[in-house]
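Inside the fold
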Amino acid sequence: MAGKIRVVVAKPGLDGHDRGAKIIARALRDAGMEVIYTGLHQTPEQIVETAIQEDADAVGISILSGAHMTLVPRIVDLLKENDAEDVLVVVGGTIPADDAEELRSKHGVAAVFGPGAATGEIVDFLRGAVTAA
Amino acid sequence: MATTGNHTDRWREELYGASPERQGELFSTISGVENEPLYTEENAEVGELGLPGEYPFTRGVYPSMYRGRLWTMRQFAGFGTAAETNERFRYLLDHGQTGLSTAFDMPTLMGYDSDHPRSLGEVGREGVAIDSLDDMLTLFDGIPLGEVSTSMTINSPAAMLLAFYACVGERQGVPISALRGTVQTDILKEYIAQKEWIFPPEPSMRLVVDMIEWCSREMPLMHPVSISGYHIREAGSTAAQELAFTLADGFAYVEACIERGLDVDEFAPRLSFFFNAHLDFFEEIAKYRAARRIWATLMREKYGAKNPRSWLMRFHTQTAGVSLTAQQPEVNLIRTAIEALAAVLGGTQSLHTNSFDEALALPTEHAVRLALRTQQVIAHETGVVNTIDPLGGSYYVETLTSELERQAYEYFERIDKLGGVIPAIKENFFQREIAEASFRYQHEVEQQQRVVVGVNRYIQDDERPLEILKIDAALEQKQVERVQAMRARRDSTAVEAALARLREDAAHEDRNLMEPIMDAARAYVTMGEMCDALREVWGVWRETPVF
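Rules and cut-offs
Residues numbered from 1 in each chain as written. Chains lettered and ligands numbered in written order. Predicted model: local features only at pLDDT ≥ 70, side-chain atom pairs only at ≥ 80, totals over all residues. Helix = DSSP H or I, 4+ residues; strand = E, 2+ residues; numbered from the N terminus. Rg over C-alpha atoms; globule rule 2.2 N^0.38 Å. Buried ≥ 20, exposed ≤ 12 C-beta atoms within 10 Å, placed from the backbone. Contact = placed C-beta atoms within 7 Å. Axes fitted to C-alpha atoms, helices over the stretch in contact; angles between N-to-C directions. Parallel < 35°, antiparallel > 145°, perpendicular 65-115°, else oblique. Left-handed = near helix turned anticlockwise from the far one by under 90°. Nonpolar A, V, L, I, M, F, W, Y, C, P; charged D, E, K, R; others polar. Expected span 1.5 Å × (residues − 1). Pairing = 2+ DSSP bridges. pLDDT = per-residue confidence, 0-100.

Turning to the overall build of chain B, a few remarks are in order. Tallying secondary structure elements over chain B gives 22 helices and 10 strands in all. Taken over the C-alpha trace, chain B has a radius of gyration of 24 Å; the compact-globule value for 547 residues is 24 Å, and the two agree within 12%. Judged by the C-alpha coordinates and their principal axes, chain B covers about 85 × 60 × 45 Å. Counting only residues that meet the buried cut, chain B has 52% of its 547 residues in that class. The contacts of chain B with a sequence gap of at least 6 include a subset with a gap of at least 24, amounting to 76%.

Structure below.
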């Protein structure tokens, strides 16, 4: 693994809750990663386009609107369609346990971080998972 | 603090200084305001108090406060389609709730109908989906609008939802002048914190002033704006920022209305406020007291309001969603009770208590009932309602009130230097201040300088999963079919005419848009269609994100 880890932090859908996304973006940057924050109200298409253009190692999707079971699989599918399935997908937000399990097992999401997750835990996870990939 | 030889200072140096302090944790408030270990008559800073119902209303807006009337217990509710939420409303009214409060789903907040491609997966998830008058009629079916007051948390499309509500009143035979309630309409805090916007700030402000102007004439019992700090705090601000930014927004609306040529005493009595109740108990109480004092002072001294009712800051409070944990969620009951108590001791006019399961999902009926019961216990069992502003005169609370007031005035100066609230939004001033504060707090938690029970201390590994509310995914399709069926049966000529008039009037700044919006609502034009018409004329807002 050469160079900095590149992460796109993305807010899909209509959800305006951006406290978590901004904290994560800053924590990843402070940990030495290259962070691209998409800003709010992005479609899955826009997020995948950004991930590809930015040659991202990982996409961190922050979602608190309850639309995760529609939007996250769509992002994963679009990455595949664009031959970018090597981009690691990580999700954070208010995701019920059953949904988190389904996102991991059926949709290939690498990890789901819920409320209260420490930023250090997320940094460590990304370092480990991206280096391993 | 310099030694002046007074008793308190001597105590601080000689007695207190000789005793050890706990190390590691902070003694400042959650927001970072430094606290002395002790306040006495020698180091307290007591501002102007007045008596309850008396300028500057530090001790409360009404002379009798809760001995005259308890606060309104108003639980925010909304999910699925209008039918599901109507059922929840009736449930809450049956359990002793005294006012209604509507949560709308994301597409409604953003001005998209349920069948818009951008609404996919979001319909009815975080609130109720309302596309047209048809849905609004179902939402309030069997609820006499002449007898309840209704709060609606809607901002960019507030004018459309107010029109739908007024039309339901008309259908029920209640004159719209008799309808009571609150529409949030606070677009400025959307750009600052909540981020559910449609149009750029200038036309958005015009629409707000149109509503205020029209309501003062047609719906005098409505609060057309609820100037909200709640979302600013939830986005990660400090208490002082919540106070300062909310009041700055309030004064920006006042200035916009005065600029329109409205008499301040005509509209100011109908402005209302909405604050957060976070966990730092005394800081929250001080925040409400400072807010009342600042509002009264500037409304009288700066904006020349002569009617005492224009000086009153009346506010709704909601306990802090952001303070709830997904870990050991039952503990949230305790957090919420303490926050609610702060709101009551701070003199709130109405209150929403969060449910303990809300860090996980929308609340179940069981969780909502416990949240409502929390308020009932405070109101009827604790005795805190027996005496008005029981903490008034506390050396600490008065000093903290003065300190938060001072910090608010400092922020007002900084905002003025940037040219006012809208230029400051465009420069990302508020957004940066909030991001900075929220990052600092997260850092303090991760450094264990602040303890969050169940998250960074007293962790329990064998937690049983909680039963949570699941929104039936089929409801989205049901709502999509419903709006499409409604479009098929309405008079399309009337729809086109109403939309043409709305576009035309929107292009003329001197025309009030409420009448064309009312006509469009009556013609079953959807909220999304009305917003699209305005998007064509005004364009849309895009934020340059900062973190």
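Next, the rest of the story.
What follows is about the packing of helix H14 (residues 332-345) of chain B against helix H15 (residues 365-380) of chain B. Residue and element names in this part refer to chain B. The geometry of H14 relative to H15 is characterised by a closest axis approach of 10 Å and an angle of 45° between their N-to-C directions. By the angle between their axes, H14 is oblique relative to H15. H14 and H15 meet at a crossing whose hand is right-handed. Here H14 contributes Leu333, Thr336, Ala337, Ala340, Leu341 and Val344 to the contact with H15, which in turn contributes Leu370, Ala371, Thr374, Gln375 and Ile378. Grouping the constituent residues of the contact of H14 with H15 by class yields eight nonpolar, three polar and no charged.

Once that is clear, we can look at the interface of chain A and chain B. With 27 residues of chain A at the contact, the number on the chain B side is 32 residues. Sorting the residues of the side of chain A that touches chain B by element identifies helix H1 (19-30), helix H3 (68-81) and helix H5 (119-132) of chain A as the ones contributing at least two each. Of all the elements, H1(A) adds the most residues to the side of chain A that touches chain B, at five residues. Looking at the side of chain A that touches chain B residue by residue, the classes come out as 11 nonpolar, 11 polar and five charged.

Residue and element names in this part refer to chain B. Looking at the secondary structure, you find Tyr112 in the loop between helix H4 (106-110) and helix H5 (133-139). Since 26 C-beta atoms lie within 10 Å of it, Tyr112 is described here as buried. Residues Tyr112 and Lys302, spaced 190 residues apart in sequence, show a C-alpha to C-alpha distance of 40 Å. Each residue touching Tyr112, except ones within four places of it in the same chain, is listed here: Pro107, Arg118, Ser119 and Gly528.

This part takes up H1(A). The terminal C-alpha atoms of H1(A) lie 17 Å apart, and with 12 residues this matches the ideal 16 Å at 1.5 Å per residue to within 8%. Taking burial as the measure, the 12 residues of H1(A) include 10 buried ones, the bulk of the element. Listed as buried for H1(A) are Arg19(A), Gly20(A), Ala21(A), Lys22(A), Ile23(A), Ile24(A), Ala25(A), Arg26(A), Ala27(A) and Leu28(A). Buried residues along H1(A) sit in contact with strand E1 (6-10), strand E2 (34-37), strand E3 (58-63), strand E4 (88-93) and H5 of chain A together with helix H18 (429-446) of chain B. Looking one or two places after H1(A), you find Gly32(A), whose phi comes out positive at around 95°.

Here the focus is the sheet that holds E2(A). Residue and element names in this part refer to chain A. The strand order E2-E1-E3-E4-E5 describes an open sheet built from five strands, whose pairing is parallel. Looking along the sheet, the strands with just one partner apiece sit at the ends: E2 and strand E5 (111-113). Pairs of neighbouring strands in the sheet enclose a mean axial angle of 20°, with direction left out of account. Pairing between E4 and E5: three bridges, direction parallel.

All names here are of chain B. Spatial strand order, E2-E3-E4-E5-E6: five strands in an open sheet with parallel pairing. A single partner strand is all that each edge strand has here, and the edge strands are strand E2 (76-77) and strand E6 (222-223). Two elements, strand E3 (residues 100-103) and strand E4 (residues 149-153), share four bridges in a ladder whose sense is parallel. Counterpart to Ala103 in the pairing with E4 is Thr153.

Between its first and last C-alpha, helix H8 (residues 201-218) of chain B extends 25 Å over 18 residues, near the 26 Å set by a 1.5 Å rise per residue. Among all positions of H8(B), only Ser204(B), Met205(B), Leu207(B), Val208(B), Val209(B), Asp210(B), Met211(B), Ile212(B), Trp214(B) and Cys215(B) are buried.

Okay, unusual backbone geometry next. Residue and element names in this part refer to chain B. Along the chain, Tyr55 connects to Pro56 via a cis peptide bond; the corresponding omega equals -5°. Among the structural elements, Pro56 can be located in the loop between helix H1 (7-15) and helix H2 (65-68). Its identity as a non-glycine residue notwithstanding, Met65 has a phi of 40°, on the positive side. Accessibility expressed as a C-beta count within 10 Å gives 21 for Met65, which makes it buried. Unlike most non-glycine residues, Thr185 shows phi in positive territory, near 55°. The residue Thr185 is located in the loop between strand E5 (180-183) and helix H7 (187-194) in this model. A tally of 28 C-beta atoms within 10 Å means that Thr185 is categorised as buried.

Residue and element names in this part refer to chain B. Running from amino to carboxyl end, helix H10 (residues 239-260) crosses helix H16 (residues 395-417) at an angle of 50°, the nearest separation of the two axes being 9 Å. Between H10 and H16, the angle is such that the two are oblique. The handedness of the crossing between H10 and H16 comes out as right-handed. Packed against H10, whose contacting residues are Ala239, Ala240, Leu243, Ala244, Leu247 and Ala248, the element H16 presents Leu404, Gln407, Ala408, Tyr411, Phe412 and Ile415 at the interface. A breakdown of the residues in the contact of H10 with H16 according to their chemical character gives 11 nonpolar, one polar and no charged.

Residues and elements named next belong to chain B. If you trace the backbone, Trp197 turns up in the loop between H7 and H8. The class of Trp197 is buried, set by 23 C-beta atoms lying within 10 Å. Residues Trp197 and Ser156, spaced 41 residues apart in sequence, show a C-alpha to C-alpha distance of 5.7 Å. Contact partners of Trp197, with chain neighbours within four places excluded, come to Ser156, Ile187, Glu190, Tyr191 and Trp541.

Turning to the environment of Val540(B), a few remarks are in order. Residue and element names in this part refer to chain B. Structurally, Val540 can be placed in the segment after helix H22 (527-538). Sequence separation between Val540 and Val445 is 95 residues, and the spatial gap between their C-alpha atoms is 38 Å. With near-sequence residues (within four places) excluded, Val540 lies in contact with Ile198, Phe199 and Arg535.

Okay, the confidence of the model for chain B next. Looking at chain B, pLDDT values average 96 and 99% of them are 70 or higher. If you check the scores for this complex, the pTM reads 0.96 and the ipTM reads 0.93.

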